[in-house]
Amino acid sequence: LEVECPGTKPGENAAVIGACDELGAWNPCKAVRLTTTSEKFPKWESETSLNVNCGTEFKLVILQPAGGVQWEQLDDNRRWPE
């Protein structure tokens, strides 16, 4: 999984969260953290392959250093692609 998330600040992490256990079952503490480098930013990616069923609902979140969570501002959830 690779996403663009240019709105992150130093110390924050982009993550993916969703309706299945693999994506944390909507629990931010269990969200899949994504990684980036100074060369790749604003692209973030998962370090492992995610086994998620097609159509599973998910969103992107920004995990803040003090424990806050900034949820993606979409009216509807995203759906995992095929």
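Just so it is clear, the model here is predicted, and its values are computed rather than measured.

(A) Representation of the environment of T37 within the structure. Structurally, T37 is set in the loop between β3 (32-33) and β4 (43-45). Here the side chain of T37 touches K40 through a polar contact of 3.1 Å, landing on its backbone nitrogen.

(B) Representation of the packing of aromatic side chains. For the structure shown, the criterion picks out 2 aromatic pairs. An angle of 65 degrees between the planes, with centres 5.0 Å apart, marks the rings of F58 and W80 as edge-to-face. Highlighted residues: F58 in strand β5 (residues 57-63) and W80 in the segment after β7 (78-79), separated in sequence by 22 residues. Here the two residues F58 and W80 agree in accessibility, since each one is buried.

(C) A look at unusual backbone geometry. Omega for the bond connecting F41 with P42 falls within 30 degrees of zero, at 15 degrees, which places this linkage in the cis form. Examined against the element boundaries, P42 turns out to sit in the loop between β3 and β4. Of note in the backbone geometry, W26 takes a positive phi value of approximately 65 degrees without being a glycine. Of the residues examined, W26 reaches a relative accessible area of 30% and is grouped as partly exposed.

(D) Structural view of the side chain of S46. Note that S46 resides in the loop between β4 and β5. Residues in contact with S46, not counting those within four places in the same chain, are L1 and L34.

(E) Spotlight on the pairing of strand β2 (residues 13-18). By the criterion of burial, β2 is predominantly enclosed, with 5 of the 6 residues buried. Bridging between β2 and β5 involves 6 bridges; their strand directions are antiparallel. Residue pairing for β5: A14 is matched across the bridge by I62.

(F) Main features of the pattern of salt bridges. Tallied over the entire structure, the rule returns 3 salt bridges. With a closest N to O distance of 2.8 Å, E57 and R79 form a salt bridge. A residue pair is termed long-range when its members are at least 10 positions apart, and E57 in strand β5 and R79 in strand β7 qualify at 22 residues.

Conventions adopted
Residues numbered from 1 in each chain as written. Predicted model: local features only at pLDDT ≥ 70, side-chain atom pairs only at ≥ 80, totals over all residues. Heavy atoms only, no water. Helix = DSSP H or I, 4+ residues; strand = E, 2+ residues; numbered from the N terminus. Polar contact = N/O pair within 3.5 Å; in protein donor to acceptor, adjacent residues only side chain to side chain. Phe/Tyr/Trp six-rings, centres within 6.5 Å; stacked < 30°, edge-to-face > 60°. Buried < 20%, exposed > 50% of the residue type's maximum accessible area, 1.4 Å probe, protein only. Contact = heavy atoms within 4.5 Å. Pairing = 2+ DSSP bridges. Salt bridge = Lys/Arg side-chain N within 4 Å of Asp/Glu carboxyl O.

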